[in-house]
Amino acid sequence: MNVTRPAAVIVLAAGEGTRMKSRIPKVLHEICGRPLVGHMLAAARDLRPDRLFVVIGHGREQVGAHLAQSAPDAQPIVQAEQNGTGHAVRMVLEAVGTIPGTVLVTYGDTPLLRTETLAELLRTHAEQGNAATVLTAVVADPTGYGRIVRDEAGAVLEIVEHRDAGPEQLTIREMNSGVYAFDGSLLADAIKRVSTANDQGEEYLTDVLAILRADGHRIGAHVADDALEVEGVNDRVQLAWLRRILNDRVLVGLMRAGVTIVDPASTFVDVGVTVEADAVIHPGTQLRGRTVVAAGAEIGPGCTLTDTVVGEGALVRNSICDGAEIGPEAIVGPFAYLRPGAKLARKAKAGTCVEVKSAVIGAGSKVPHLTYVGDATIGEGVNIGASSVFVNYDGVEKHHTVIGDHVRIGSDTMLIAPVTIGDGAYTAAGSVIVNDVPPGAMGVARERQRTIEGWVERRRAGTTSAEAAKRAKGLENK
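Would you mind going over the overall build of the chain in detail, with residue names and values included?
Counting secondary structure elements, the chain contains nine helices and 37 strands. Rg of the C-alpha trace for the chain: 32 Å, well past the compact-globule value of 23 Å for 478 residues, more than 25% over. Principal-axis analysis of the C-alpha atoms places the extent of the chain at approximately 110 × 55 × 45 Å. Long-range pairs, those at least 24 residues apart, make up 40% of the contacts in the chain between residues at least 6 apart in sequence. Roughly 22500 Å² of accessible area belongs to the chain as shown, and the carbon and sulfur atoms make up 49% of that amount. The chain carries 48 positive and 57 negative side-chain charges, and their two centres are separated by 10 Å.

Before we move on, can you summarise the state of the cysteines with the specific residues and values?
Here a disulfide denotes a covalent bond joining the sulfur atom of one cysteine to the sulfur atom of another. Tallying each qualifying case throughout the model produces zero disulfides. For the unlinked cysteine Cys 303, the closest cysteine sulfur is that of Cys 321, found at 6.5 Å. Using a relative accessible area of 0% as the deciding quantity, one classes Cys 303 as buried.

Before we move on, could you go through the pattern of salt bridges and cite the residues and values that matter?
A complete count under the given rule lists 15 salt bridges for this structure. Of the charged contacts, one joins Lys 26 and Asp 109 as a salt bridge, the two residues approaching to 2.9 Å between their closest N and O atoms. With Lys 26 in the loop between strand E1 (8-13) and strand E2 (30-31) and Asp 109 in the loop between strand E6 (102-107) and helix H4 (115-128), this residue pair connects regions lying 83 residues apart in the sequence. With relative accessibility at 13%, the residue Asp 109 sits in the buried group. The salt bridge partner of Arg 244 is Asp 248, with a shortest N-O separation of 3.1 Å. Of this pair, Arg 244 and Asp 248 both sit in helix H7 (residues 236-256), four residues apart, roughly one helical turn. Its relative accessible area of 26% is what places Arg 244 among the partly exposed residues. A single salt-bridge network, built from bridges that share partners, covers Arg 90, Glu 94 and Glu 203.

Tell me about the packing of aromatic side chains, and please be specific about residues and values.
Aromatic ring pairs are defined here through the distance separating the ring centres and the angle between the ring planes. Counted according to the given criterion, the structure contains one aromatic pair. Summarising the aromatic geometry, the rings of Tyr 180 and Phe 182 are spaced 5.5 Å apart at their centres and angled 35 degrees between planes, so their arrangement reads as tilted. Each member of the pair Tyr 180 and Phe 182 is classed as buried. Over the ring of Tyr 393 we find Lys 398, and its NZ or CZ is 5.5 Å from the ring centre.

Now, about helix H2 (residues 60-70): what can you tell me, with residues and values included?
Taken as a whole, H2 has its buried residues at Val 63, His 66 and Leu 67. Down the axis of H2, the smallest arc covering the buried residues is 95 degrees, so these residues share one side. The outward face of H2, more than 90 degrees from its buried face, is lined by the exposed residues Glu 61, Ala 68 and Gln 69. Looking at the buried side of H2, the elements it contacts are strand E3 (34-35), helix H1 (36-45), strand E4 (51-56) and strand E5 (75-78).

With reference to specific residues and values, describe the environment of Ala 74.
In this structure, Ala 74 sits in the loop between H2 and E5. Along the backbone, Ala 74 and Leu 41 are 33 residues apart, and their C-alpha atoms lie at a distance of 8.2 Å. Sequence-distant contacts of Ala 74, that is, excluding residues within four places in its chain, are made with Leu 41, Leu 52 and Val 54.

Before we move on, could you go through unusual backbone geometry and cite the residues and values that matter?
Along the chain, Gly 300 connects to Pro 301 via a cis peptide bond; the corresponding omega equals 5 degrees. Among the secondary structure elements, Pro 301 is positioned in the loop between strand E18 (298-299) and strand E19 (304-306). Cis geometry is adopted by the peptide bond preceding Pro 418, which originates at Ala 417 and carries an omega value of 0 degrees. Residue position: Pro 418 is located in the loop between strand E33 (414-416) and strand E34 (419-421). Phi angles above zero are rare outside glycine, and Lys 21 is one such case at about 50 degrees.

I'd love a proper account of a nonpolar patch on the surface, names of residues and values included.
A grouping of Tyr 426, Met 442 and Val 444 is seen on the molecular surface, where their side chains present a nonpolar patch of about 310 Å² in accessible area. Tracing the backbone shows Met 442 in strand E37 (residues 442-443).

Kindly report on the side chain of Thr 110, identifying the contributing residues and their values.
The topology assignment puts Thr 110 in the loop between E6 and H4. Of note is the side chain of Thr 110, whose polar atom sits 3.3 Å from the backbone oxygen of Tyr 107. Apart from the residues within four sequence positions on either side, Thr 110 is in contact with Met 40, Glu 229, Val 230, Glu 231 and Gly 232.

Would you mind going over the pairing of strand E27 (residues 349-361) in detail, with residue names and values included?
As judged from the two bridges shared by strand E24 (residues 331-332) and E27, these two strands associate in the parallel manner. Along E27, the bridge assignment pairs Ile 331 with Lys 349. One ladder, built from two bridges, connects strand E25 (residues 337-338) with E27; its direction is parallel. Bridging from a neighbouring strand, Tyr 337 pairs with Glu 355 of E27. By the bridge criterion, two bridges tie strand E26 (residues 343-344) to E27 in an arrangement that is parallel. Its bridge partner lying in E27, Leu 344 is registered against Ile 361. Direction of pairing for E27 relative to strand E28 (residues 366-378): parallel, over a ladder of ten bridges. Residue pairing across strands places Val 356 opposite Val 373, the latter belonging to E28.

Describe in detail the side chain of Thr 285, supporting the description with residues and values.
Within the fold, Thr 285 resides in the loop between strand E15 (280-281) and strand E16 (286-288). Residues in contact with Thr 285, not counting those within four places in the same chain, are Ser 266, Thr 267, Phe 268, Ile 299, Gly 300, Pro 301, Gly 302 and Cys 303.

Run through H1, naming residues and quoting values.
With nine of ten residues buried, H1 lies mostly within the body of the structure. Taken residue by residue, H1 has Leu 36, Val 37, Gly 38, His 39, Met 40, Leu 41, Ala 42, Ala 43 and Ala 44 as its buried positions.

An account of the pairing of strand E9 (residues 156-160) is needed here, citing residue identities and associated values.
Bridge analysis of strand E8 (residues 147-150) against E9 gives four bridges, and the strand direction is antiparallel. The partner of Ile 148 across the bridge, within E9, is Ile 159. The antiparallel hairpin formed by E8 and E9 contains five residues in its connecting segment, where Gly 154 sits at a positive phi of about 95 degrees.

Calculation rules
- Residues numbered from 1 in each chain as written.
- Predicted model: local features only at pLDDT ≥ 70, side-chain atom pairs only at ≥ 80, totals over all residues.
- Heavy atoms only, no water.
- Helix = DSSP H or I, 4+ residues; strand = E, 2+ residues; numbered from the N terminus.
- Rg over C-alpha atoms; globule rule 2.2 N^0.38 Å.
- Contact = heavy atoms within 4.5 Å.
- Areas by Shrake-Rupley, 256 points an atom, 1.4 Å probe, with all protein chains shown as cover.
- Lys, Arg positive; Asp, Glu negative; His and termini not counted.
- Charge placed at Lys NZ, Arg CZ, Asp CG, Glu CD.
- Disulfide = S-S within 2.5 Å.
- Buried < 20%, exposed > 50% of the residue type's maximum accessible area, 1.4 Å probe, protein only.
- Salt bridge = Lys/Arg side-chain N within 4 Å of Asp/Glu carboxyl O.
- Phe/Tyr/Trp six-rings, centres within 6.5 Å; stacked < 30°, edge-to-face > 60°.
- Lys NZ or Arg CZ within 6 Å of the ring centre and 35° of its normal.
- Arc of directions from axis to C-beta.
- Patch = residues over 30% accessible without salt bridge, like charges linked within 9 Å, V, L, I, M, F, W, Y side chains within 5 Å.
- Polar contact = N/O pair within 3.5 Å; in protein donor to acceptor, adjacent residues only side chain to side chain.
- Pairing = 2+ DSSP bridges.

Below you can see the structure in the form of structure tokens.
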């Protein structure tokens, strides 16, 4: 029997979060690539519960839509009126009935809480045969938190709120996290007997523990190894603080796995990112979404990569890449912008001030600088001259450009799509190419230069340019 596999996990995510001062429900605010509730669901999901519930209330349309898209395995339960944590759990049990086995109750705003800690709580609950087990933490300053009062055998006698604690109880540093493991059948009975006779007129889940103890059942506690895990988010200051902690946790994991993080203080990596050993991440870099960085690649400084795949030994500097594929030993930047659909093959290059969108750049091909490549297929061994533009949009539709292998595109060439440049062909610098260029041909589309002597002196007399021209001709005194 797997004692750490619960029958159900209930995630409480119905609160308004007024201190966030946001139109976005608190549990949907993101840190490290996931909304707050997403972190809790990921931790809960790894316990492999038979059922997973999320209690939603404030902003339930937004939260429900997020769950439908990102967590279809989680069943939303609506708490139309937020009347306390006990009321929220009662809404679940009234909707689905008694849940035999262990029921874990946790929160949607505790992104640091790890699966391992929840598993330890469940193990303690099973081994001690408790009716309920509370996850606690020992903190230096428990002001404002409920205190855990134990008997000589270590069982929980009661949870005393800070405002109700006496002088001796105020010295207790073990605090209630609000996360519980319950016997599901006992919970279903006790939750019906929770009173609203309190200052707020709400149903508190802590009262369930008192009811179970009064019925003669044992209440236990498990102390989290790291008190930070049970920290919740109440405002944007805490959001930023926990983001920093979670990001540090991610970076430490990467470094211990063989990744070089040159400056952890200026590096941010989402939890869904994969970085292989011997990759190097330079300062000022953000790796977001489902980005994958292969072994030996170097990213940064000053890069933001989102949902981008980087091959072995590739180099990306001072660039933004969104939904791109960068092949092995490819070079990107500095100051390149790879948009969705950009694909660079092995040893390809998108250099300084180059933008690439929905385009494939073949093996060994180079787009060195000052160029826009949109909706194109570029073959192998191609060189695209500076200031070239793949003109893909006619004002209504996008069109495709095809460049063959070993083509040379002259600087300042406009390629008016749809157009095809054959293998081994050239285009002359400054050309506007509107027709296909056959293999091995030279495409030239520009006016022949005319030189009008003396134009500046006649038409721009008195300007610094005219005076410079006179001096160059030795005509200063004429």
